[in-house]
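Coordinate inspection notes
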Amino acid sequence: MAIGVILALMGTACLIQLANIQLINGKTMAQAAAQSRTITVTLKARRGKIMDTNGSILAQSVERYTIIGNPEEAQAFTPTTCTKQTGDNCHQIDGKPVGATGAAAVARLLAPVLGMDATELGAMLSGTGQYAVLKKDVTPAVKRKISKLNLGGIVYAELSNERIYSNGTLMGALLGGVDGEGKGVAGIEQMENKTLTGEDGYQVYQQGNNGVEIPGTMTESKDAVNGSDVTLTIDHDVQWYVEKVLRESCEKYSSPWGIAVVQDTQTGDILALADSDEIEAGSDQAKMTVSRAVSETFEPGSIGKVFTMSGMIQLGLHQASDKFTVPDHITVNGQTYSDATTHGAERWTLAGILEQSSNVGMIIAGEKMSNEQRYDFIRKFGIGQDNRLGLPGESDGLLYSADQWDLRTQNTVLFGQAYTTNALQLTNAVAVIANKGVKKPQRIIKTISDAEGHSEEQKPKGEATRVIDEQVASQVMNAMESVSDHYSQFIKVDGYRVAAKSGTAEVAGADGRLSSIISDYSAIIPADNPRFVVTVVLKDPQGVFGGLTAGPVTAEIGEFLMQKYEVPASSPRTDAIPVTW
């Protein structure tokens, strides 16, 4: 009877508890159970692609997975022996039992698939908590192999993306890279990060013991929106060729580095923005390095004479045909200036002064040009100003206002010294002559295409402005073509007329003194129907002078452009302004 009473009491208690669970607190407990099974899974948005002007992919994000382990479940894991009854829902290694339990067993099963050390994996799964990152950037193929290990609830995969740069060092520092969170931290990746970055989505559902979604339990979801694709004005083929030529030229002239820019004169589009540095796109070095083609500043040297000559003619002080007697040195206000070579009193026109690149001649011709006028025309050509491309690390150069010039600076600015510029600025300044006196804004982003495929043309930032009159630009172009003819024995593009200017400037070396040389050359090709401006800059080349070093490199690039774009050959030159009298 005592036992019966006890059993009766126990039965009554069970009935009461059952009623409590199912009738009184049933809903609350069901909700708690559902909540314990409910998870929120992030749907990662893919970062947009970066492409060249022809659609060649320069950077893209591909499907990858982050493998996650649950240490608590791993430590409680007991392998299932493979028998006829268990079928494929069992665990073995090469047809043999796992030979361990807990985290060690999970590690033994997982290590061969992930290509990791089992001991290392075991240690990662022996900690506390329910979340441990085991490996990142795993391919879909590896993820599928893990799914066949029957480790649901213990090991699972989270969708992520890996940034791939398929062209190695091509545009390495210019493209930059992304950090571990997929955020652009350098180069174009940083500049266009907002555009390239998508918006993550999510799913809320219940999962079973094996970690798989229970059908019909999804309560909320939001699709991920992938980032927009960015198409550059850069032409992959031109960029590749220019980088190749730069590296070969640096070796040939023993130059520590070189820079080159190719610009379409008709649109302002940058077709190539290259330097000789070999940096893998997306690498740690690319993330910490600014492209030299963007950041390096230098004195333009005698290329600056193009801007000064343009100002003289625009102000009505001279014509390109005006005659001058030019010695090889001159003293003004106690300051002595010399030409690069010794010569007697030469009879040169203003066009001849540019052709011979005479510093003394520019000082004589610029006598009536005020300091403010000298400053204004250098600035009107875009020197010392933001190019508005938005490239990280780009320097504006340095151009002091006229009231800050000393007695020497006021004359050295006439021949491209005492101020600094970068290769992009210099190229666009020379393009003013090619564009008949109009300064056009540059562009490096061509189009942006959203995730739905809608493409929008990107206009250059800024408006085209007239710097000099068309007839002034024509005279300067004529003189620049004489410069090119002057170097024609070793700088030429067969079948095409070229207008060019060379420059050589002393710059500070590692010792802080003026012990280094910048040699540059900027060319308009073809001169009779301008299509491109090409600028090449070399540091400390053997041969020193820009016309002897950077000049041949420019011609080599020009020849490639003429062939690639099938530019019609030039008509013969018949209107050369005399360079002597």
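Here, every reference points to the structure presented above.
Keep in mind it's a predicted model, so treat the numbers as computed, not measured.

This part is about the overall build of the chain. Of the regular secondary structure elements, the chain holds 20 helices and 25 strands. For 581 residues, the compact-globule estimate of 2.2 N^0.38 gives 25 Å, and the C-alpha radius of gyration of the chain, at 35 Å, exceeds that figure by more than 25%. By principal-axis analysis of the C-alpha atoms, the chain measures approximately 140 × 50 × 50 Å. Of all 581 residues assigned to the chain, the portion counted as buried reaches 48%. Across the chain, every contact between residues at least 6 apart in sequence was considered, and the portion connecting residues at least 24 apart equals 71%. For the chain, the separation between the mean place of its 50 positive charges and that of its 67 negative charges on side chains is 3 Å.

Quick look at the sheet that holds strand S25 (residues 532-539) now. Read from one edge to the other, the open sheet built from 5 strands follows the order S12-S11-S25-S24-S23, with strand pairing classed as antiparallel. Each edge of the open sheet carries a strand with a single partner, namely strand S12 (270-275) and strand S23 (499-507). In this sheet, adjacent strand axes meet at a mean angle of 10° when their direction is disregarded. Pairing of strand S11 (residues 258-264) with S12, which is carried by 5 bridges, proceeds in the antiparallel orientation.

It is worth spelling out the pairing of strand S10 (residues 229-232) at this point. Residues Asp229 and Thr231 of S10 are buried on one face, and the alternating residues Val230 and Leu232, pointing to the opposite face, are buried as well. Where strand S2 (residues 50-51) meets S10, 2 bridges bridge the pair, whose relative direction is parallel. Bridge assignment links methionine 51 to a residue of S10, and that residue is threonine 231. Looking at chain direction, S10 and strand S20 (residues 445-449) are connected through 4 bridges and run antiparallel. Bridging across to S20, valine 230 finds its partner in isoleucine 448.

Attention now moves to helix H18 (residues 423-434). Given a rise of 1.5 Å per residue, 12 residues ought to cover 16 Å, and the 17 Å separating the end C-alpha atoms of H18 matches this to within 8%. Burial analysis of H18 places 12 of its 12 residues in the buried class, the great majority of the element. Of all the residues in H18, the buried ones are Ala423, Leu424, Gln425, Leu426, Thr427, Asn428, Ala429, Val430, Ala431, Val432, Ile433 and Ala434. Where H18 begins, one side-chain oxygen reaches toward the backbone nitrogen of leucine 424, 3.1 Å away; that side chain belongs to asparagine 422. The first or second residue beyond H18 is lysine 436, which carries a positive phi of 60°.

A word on unusual backbone geometry. Outside of glycine, negative phi angles account for most residues, and trans bonds account for most peptide bonds. The amide bond that connects isoleucine 525 to the next residue, proline 526, takes the cis arrangement and shows omega of -10°. Summarising the element assignment, proline 526 is placed in the loop between strand S24 (516-525) and S25. Look at alanine 418: it is not a glycine, yet its phi comes out positive at around 75°. Following the sequence through the fold, alanine 418 ends up in the loop between helix H17 (409-412) and strand S18 (421-422). Here alanine 418 falls in the partly exposed class, since its relative accessible area comes to 28%.

Applying the stated criterion across every chain yields a total of 19 salt bridges. For glutamate 162, the salt bridge is made with arginine 64, and the minimal N-O distance between the two is 2.9 Å. Of this pair, glutamate 162 sits in strand S5 (residues 155-164) while arginine 64 sits in strand S3 (residues 57-69), placing them 98 residues apart in sequence. According to the relative accessible area criterion, glutamate 162 is partly exposed, its value standing at 24%.

Conventions adopted
Residues numbered from 1 in each chain as written. Predicted model: local features only at pLDDT ≥ 70, side-chain atom pairs only at ≥ 80, totals over all residues. Heavy atoms only, no water. Helix = DSSP H or I, 4+ residues; strand = E, 2+ residues; numbered from the N terminus. Rg over C-alpha atoms; globule rule 2.2 N^0.38 Å. Buried < 20%, exposed > 50% of the residue type's maximum accessible area, 1.4 Å probe, protein only. Contact = heavy atoms within 4.5 Å. Lys, Arg positive; Asp, Glu negative; His and termini not counted. Charge placed at Lys NZ, Arg CZ, Asp CG, Glu CD. Pairing = 2+ DSSP bridges. Axes fitted to C-alpha atoms, helices over the stretch in contact; angles between N-to-C directions. Expected span 1.5 Å × (residues − 1). Polar contact = N/O pair within 3.5 Å; in protein donor to acceptor, adjacent residues only side chain to side chain. Salt bridge = Lys/Arg side-chain N within 4 Å of Asp/Glu carboxyl O.

Just distances and angles here, no functional claims.
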